[in-house]
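Residues per chain, in single letters:
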Amino acid sequence: MATAAMSPYVPGDEIKVTDAVELFQETGHPISLSTLERQSRARGVTLVKRGRANYASWTALLKVHAAWVDGF
């Protein structure tokens, strides 16, 4: 299971987008990494690049995923 690592350099609500994708697979409404990133950008969610990974607010990603699921 994906978990957010405790780091003094990452704000408490931020999560790696790839970890969010793994968590959303458990909901029964899986979403691909590219779709989640595209939908996030379209809804104005800030994606922060750290190394090779993008990070975003977990709360914002939950809202993006909910809107995406609701759009079906």
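Note that this is a predicted model, so its numbers are computed, not measured.

Caption draft 1: Quick look at the pairing of strand β3 (residues 53-57). For β3, the buried fraction is high: 4 of the 5 residues fall into the buried class. Pairing of strand β1 (residues 14-16) with β3 involves 3 bridges; the strand directions are antiparallel. Across the sheet, residue Ile-15 finds its bridge partner in β3, namely Ala-56. When strand β2 (residues 48-50) meets β3, the two strands line up antiparallel, connected through 3 bridges.

Caption draft 2: Summary view of the pattern of salt bridges. Summed over the entire model, instances satisfying the criterion amount to 1 salt bridge. A salt bridge links Glu-14 to Arg-50, with the nearest nitrogen and oxygen atoms 2.5 Å apart. Of the two residues, Glu-14 sits in strand β1 while Arg-50 sits in strand β2, which places them 36 residues apart along the sequence. Residue classification places Arg-50 among the partly exposed residues on the basis of a relative accessible area of 29%.

Caption draft 3: Looking closely at helix α2 (residues 33-42). Burial in α2 covers these residues: Thr-35, Leu-36, Glu-37, Gln-39 and Ser-40. One or two residues past the end of α2 sits Gly-44, with phi positive at roughly 80 degrees.

Caption draft 4: Main features of the nonpolar core. Core analysis: the biggest nonpolar cluster contains 15 residues, and Val-17, Ala-20, Phe-24, Leu-36, Ala-56 and Leu-61 have the highest contact counts within it. By residue number, the principal contributor to this core is helix α1 (residues 17-25), which donates 5 residues.

Caption draft 5: Spatial organisation of the sheet that holds β3. Ordered in space as β1-β3-β2, the 3 strands form an open sheet in which the pairing is antiparallel. Each edge of the sheet is formed by a strand with only one pairing partner; in this case those strands are β1 and β2. Neighbour to neighbour, the strand axes of the sheet diverge by 35 degrees on average, direction disregarded. Helix α3 (residues 58-70) contacts β1 and β3 of the sheet and is inclined by roughly 85 degrees relative to β3.

Caption draft 6: Looking closely at α3. Taking 1.5 Å as the rise per residue, α3 with 13 residues should run 18 Å; its terminal C-alpha atoms sit 18 Å apart, in good agreement. Of the residues making up α3, those classed as buried are Ala-60, Leu-61, Val-64, His-65 and Trp-68. Each buried residue of α3 sits inside an arc of 135 degrees when the element is viewed along its axis, so together they form one side. Opposite its buried face, α3 presents the exposed residues Lys-63 and Asp-70, each directed more than 90 degrees away. Structurally, α3 contributes buried residues whose contacts are with β1, α1, α2 and β3. The opening residue of α3, the one whose side-chain oxygen lies 3.4 Å from the backbone nitrogen of Thr-59, is Ser-57.

About the criteria used
- Residues numbered from 1 in each chain as written.
- Predicted model: local features only at pLDDT ≥ 70, side-chain atom pairs only at ≥ 80, totals over all residues.
- Heavy atoms only, no water.
- Buried < 20%, exposed > 50% of the residue type's maximum accessible area, 1.4 Å probe, protein only.
- Helix = DSSP H or I, 4+ residues; strand = E, 2+ residues; numbered from the N terminus.
- Pairing = 2+ DSSP bridges.
- Salt bridge = Lys/Arg side-chain N within 4 Å of Asp/Glu carboxyl O.
- Core = buried A, V, L, I, M, F, W, Y, C linked by side-chain atoms within 4.5 Å.
- Axes fitted to C-alpha atoms, helices over the stretch in contact; angles between N-to-C directions.
- Contact = heavy atoms within 4.5 Å.
- Expected span 1.5 Å × (residues − 1).
- Arc of directions from axis to C-beta.
- Polar contact = N/O pair within 3.5 Å; in protein donor to acceptor, adjacent residues only side chain to side chain.

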